[in-house]
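# Coordinates in review
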Number of protein chains: 2
Amino acid sequence: MRVLISGGAGFVGSHLADRLLAQGCAVVAVDNLLTGRQANIRHNLSNPKFQFMEADVCVPLQVSGEVQAILHFASPASPIDYLKHPLETLHVGSLGTENLLRLARRKGARFLLASTSEVYGDPLEHPQPESYFGNVNPIGPRAVYDEAKRYAEAVTMAYYREFRVDTRIVRIFNTYGVRMRADDGRVVSNFIVQALKGESLTVYGEGGQTRSFCYVSDLVAGILRLLWLDGDDNDRHLPVNLGNPLEFTVKQLAERVVEMTGSRSQVVYLPLPEDDPKLRQPVIERARTLLDWQPVVTLEEGLRLTIAYFKNELEEESSYIVAFGESRESRESGECS
Amino acid sequence: MRVLISGGAGFVGSHLADRLLAQGCAVVAVDNLLTGRQANIRHNLSNPKFQFMEADVCVPLQVSGEVQAILHFASPASPIDYLKHPLETLHVGSLGTENLLRLARRKGARFLLASTSEVYGDPLEHPQPESYFGNVNPIGPRAVYDEAKRYAEAVTMAYYREFRVDTRIVRIFNTYGVRMRADDGRVVSNFIVQALKGESLTVYGEGGQTRSFCYVSDLVAGILRLLWLDGDDNDRHLPVNLGNPLEFTVKQLAERVVEMTGSRSQVVYLPLPEDDPKLRQPVIERARTLLDWQPVVTLEEGLRLTIAYFKNELEEESSYIVAFGESRESRESGECS
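Residues numbered from 1 in each chain as written. Chains lettered and ligands numbered in written order. Predicted model: local features only at pLDDT ≥ 70, side-chain atom pairs only at ≥ 80, totals over all residues.

It is worth spelling out the overall build of chain A at this point. In terms of helices and strands, chain A carries 10 helices and 13 strands. The C-alpha radius of gyration computed for chain A amounts to 20 Å, which stays within 12% of the reference 20 Å derived for 337 residues, consistent with globular compactness. Among the 337 residues that make up chain A, the fraction classed as buried is 48%. For chain A, the proportion of contacts with a sequence separation of at least 24, taken over those separated by at least 6, is 77%. (Helix = DSSP H or I, 4+ residues; strand = E, 2+ residues; numbered from the N terminus. Rg over C-alpha atoms; globule rule 2.2 N^0.38 Å. Buried ≥ 20, exposed ≤ 12 C-beta atoms within 10 Å, placed from the backbone. Contact = placed C-beta atoms within 7 Å.)

Written as structure tokens, this is what we have:
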């Protein structure tokens, strides 16, 4: 079985590659490294079953040999990234999705689209089942991501309906874990990095707002269950929410991170910015029924793994700077120092 | 002043061309004739200020000379058309819009996007102001049009924000008038053609459902006011609803058409289909304030013009069939008879 993963050097894509390799699959990871990182795949480069293609999926892709499945995970995915790369984000959702659908059609491969809870926008229904149509502002700054993903779903369904490409769609809710970027602006990575550096943890508002986060290994397990699901009915072609419905407050998260890192950091409360992340919580009945899936990693365990990862990252980073007088990221990206 | 109109051989695009020519502009009408028709522009072909390019705007466009404004009106626009051409509809909204935005950027031209009330989907708010985010199913069959237009708005705003292209967006509500296609499946053309042919007028449901329709000349006037609007504020870059807020019931419309055509047709009531057109009614306060615009053509007058048009069309069609033994449309489209 040979699987192509776009965004294969990204946070979720690289975990998918690891899991598929462990299951005995060959993996072609495609990434233009706009937000993906070499470091996420370095451990697989010597594996003969792993192949890395540095390429932009917005350009039609030539892949020789058989491909049984295509997982489309390429896209800037955190607000910091997609607001910095608005056009690239629109393109990878429209052009990129269709290029990979065409490849799937040519190869007779399954196609799985990484969609997002952002298709629900600022939801007026809470929690959100897959049947909810969403509340997305088509002309706001975030539309470059939200509307690109809604378009990606529409074109995926069109390839299913018109050409019977065997498509699947997951709507991914907030996810955290090993290989998140320290600078992606998300609350979990922000808190952990702040705590490890001994800086104050910045909570916006009073911290009573809730979040739900799924650990990345749970997410990956759900994605692969949907990918390999067989059957005659059409149900597997319709979107499936994947996320953790368990809610905690931002204040609880901050306190837990301080406690688990053994940090002396303070928690400080700042005014709520205008574009505060939207409150979203998945209904996962469909994943439970269709995939017999639910998250199993506790927040405690997930945080332990993520804290260990960032601790290691920060230590490696410091030793690089000591040794080379420049950061590892800038060294790897080939920028002049 | 030289203006490029994509979809320039379409229902609305061809009226825009006429009006701009009358205002002294030069017009480049681009159309791939997928749903547009030669017949709509035939009267302009001898005008030295009019140029027709048979081209698909999904392929990057080479246009020599100056262009001061680009009006993007290319797209299948009635459910019958976009359900028949789902991929073309997605492409012209994504690729087509961006190709023309790029052209606008290169030429330093204004860009006006023909968006649609379909971005409001099956609205939960009634009537719809521009601030309403809509209720669109991203995975339904109609998503190929609705999501393509939402994407088109998002990429248009991105070109305004990123590159300061001077963009405008109109959200067009139901429009009727001269040059509608007899076979586009819309209620006004259906009723008129049925009445003129002496067939029964088919009302779905009990006919109590309301519609609001804007006559095409009113729409065109509003579009051109927005196109030529100058100013320093950002307001003109945000979407403007254009449509007629005046509602009438489908039953009223049917009876009026029978009366005005002098037809002996009966009105028959059939069960409501599942995908009955959604109830939409524009809030046009923004167009009133920003453009000092409101519809002025009465339903009476609009129907009179449209009935006269279809009467002539049907007569011409019959004489063609008598003369050539084939329909004019098939003769013009170059199909073998």
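Next up on the list: helix α7 (residues 250-261) of chain A. All names here are of chain A. Across its 12 residues, α7 extends 16 Å between first and last C-alpha, which sits within 8% of the 16 Å expected from 1.5 Å per residue. Restricting attention to buried positions, one finds in α7 the residues Val250, Leu253, Ala254, Val257 and Thr261. Along the axis of α7, the buried positions cluster into a sector of 100°, meaning they face one direction only. As for α7, its buried residues are in contact with α5 (187-196), β8 (201-204), β9 (210-211), β12 (248-249), β13 (267-270) and α9 (299-324). The positive-phi residue at the C-terminal boundary of α7 is Gly262, with phi of around 65°. (Expected span 1.5 Å × (residues − 1). Arc of directions from axis to C-beta.)

Here the focus is the relation of the copies chain A and chain B. If you rotate chain A by 180° and push it 0.0 Å along the axis, it lands on chain B with an RMSD of 0.0 Å. Such a combination of turn and shift is consistent with a two-fold rotation axis. Looking at chain A, 100% of its interface residues are interface residues in chain B too, so the copies touch through the same face. (Least-squares fit on C-alpha atoms with pLDDT ≥ 70 in both.)

With that out of the way, let us pick up the interface of chain A and chain B. Between chain A and chain B, the contact holds 26 residues from the first and 26 residues from the second. Taken together, the elements giving at least two residues each to the side of chain A that touches chain B come down to α3 (86-107) and α4 (143-163) of chain A. For the side of chain A that touches chain B, the element with the most residues is α4(A), which contributes 12 residues. Residue composition of the side of chain A that touches chain B, by class: 18 nonpolar, 4 polar and 4 charged. (Nonpolar A, V, L, I, M, F, W, Y, C, P; charged D, E, K, R; others polar.)

Residue and element names in this part refer to chain B. For helix α1 (residues 11-22), with 12 residues, the first-to-last C-alpha span of 17 Å sits near the 16 Å given by 1.5 Å per residue. Among all positions of α1, only Phe11, Val12, Gly13, Ser14, His15, Leu16, Ala17, Asp18 and Leu20 are buried. Positive phi shows up at Gly24, right after α1, with a value of about 95°.

So, about the packing of α4(A) against helix α4 (residues 143-163) of chain B. Where α4(A) meets α4(B), the closest approach of the two axes is 9 Å, and the angle between their N-to-C directions is 150°. The orientation of α4(A) relative to α4(B) falls into the category roughly antiparallel. In the packing of α4(A) onto α4(B), the handedness of the crossing is left-handed. For the pair formed by α4(A) and α4(B), the contact residues are Ala143(A), Val144(A), Glu147(A), Ala148(A), Arg150(A), Tyr151(A), Ala154(A), Met157(A) and Ala158(A) on the first element and Ala143(B), Val144(B), Glu147(B), Ala148(B), Arg150(B), Tyr151(B), Ala154(B), Met157(B) and Ala158(B) on the second. Partitioning the contact of α4(A) with α4(B) into residue classes produces 14 nonpolar, no polar and 4 charged. (Axes fitted to C-alpha atoms, helices over the stretch in contact; angles between N-to-C directions. Parallel < 35°, antiparallel > 145°, perpendicular 65-115°, else oblique. Left-handed = near helix turned anticlockwise from the far one by under 90°.)

With that settled, consider the packing of α5(A) against α7(A). How two helices sit against one another is set out by the angle between their axes and by the gap between those axes. Residues and elements named next belong to chain A. Across the interface, α5 lies against α7 with an axial gap of 9 Å and an inter-helix angle of 35°. Considering how the two elements wind past one another, α5 and α7 form a crossing that is right-handed. On α7, the residues that touch Val187, Phe191, Ile192, Ala195 and Leu196 of α5 are Val250, Leu253, Ala254, Val257, Val258 and Thr261. Residues of the contact of α5 with α7, tallied by class, amount to 10 nonpolar, 1 polar and no charged.

Here the focus is the environment of Ile169(B). All names here are of chain B. Within the secondary structure, Ile169 sits in strand β6 (residues 167-172). Through-space distance from the C-alpha of Ile169 to that of Asn44 is 27 Å; in sequence the pair is 125 residues apart. Once residues lying within four places of it in the same chain are set aside, the contact partners of Ile169 are Leu113, Ser115, Glu153, Thr156 and Pro239.

What follows covers the sheet that holds strand β3 (residues 50-54) of chain A. Residue and element names in this part refer to chain A. Spatially, 7 strands are ordered β3-β2-β1-β4-β5-β6-β11 in an open sheet, and the strand pairing comes out parallel. Single-partner strands in this sheet number two, and they are β3 and β11 (240-242). Each neighbouring strand pair of the sheet contributes to a mean axis angle of 20°, computed without reference to strand direction. With 5 bridges connecting them, strand β1 (residues 2-6) and strand β2 (residues 26-31) associate as parallel partners. If you follow Leu4 over to β2, its bridge partner there is Val28. α4 contacts β5 (110-116) and β6 (167-172) of the sheet and is inclined by roughly 155° relative to β5. (Pairing = 2+ DSSP bridges.)

All names here are of chain B. Along the chain, Arg181 turns up in the loop between β7 (175-176) and α5 (187-196). On the basis of neighbour counts, which here come to 20 C-beta atoms within 10 Å, the residue Arg181 falls in the buried class. In this structure the C-alpha to C-alpha distance between Arg181 and Gly36, which are 145 residues apart in sequence, comes to 9.3 Å.

Our focus in this paragraph is the pairing of β2(A). Residue and element names in this part refer to chain A. Most of β2 is tucked away, with 5 of its 6 residues classed as buried. Handedness of the crossover is the feature at issue here: the chain leaves β1, passes through helix α1 (residues 11-22), returns alongside β2, and the resulting connection is right-handed. Summarising the sheet, β2 and β3 pair through 5 bridges and their orientation is parallel. Pairing of Ala29 across the sheet is with Phe52, part of β3. (Right-handed = clockwise from strand over helix to strand, strands pointing away.)

All names here are of chain B. Read across the sheet, 7 strands follow the order β3-β2-β1-β4-β5-β6-β11 without closing on themselves; strand pairing throughout is parallel. Two strands close off the open sheet at either side, each with one partner strand: β3 (50-54) and β11 (240-242). On average, each strand axis in the sheet is inclined to that of its neighbour by 20°, with strand direction left out of account. Sheet contacts for α4: β5 (110-116) and β6; angle to β5, the most-contacted strand, approximately 155°.

Okay, the environment of Ala77(B) next. All names here are of chain B. Within the secondary structure layout, Ala77 lies in the loop between β4 (69-72) and α2 (79-84). On the neighbour-count criterion, Ala77 (24 C-beta atoms within 10 Å) is buried. Remark: the alpha-carbon pair of Ala77 and Phe213, spanning 136 residues in sequence, is separated by 15 Å.

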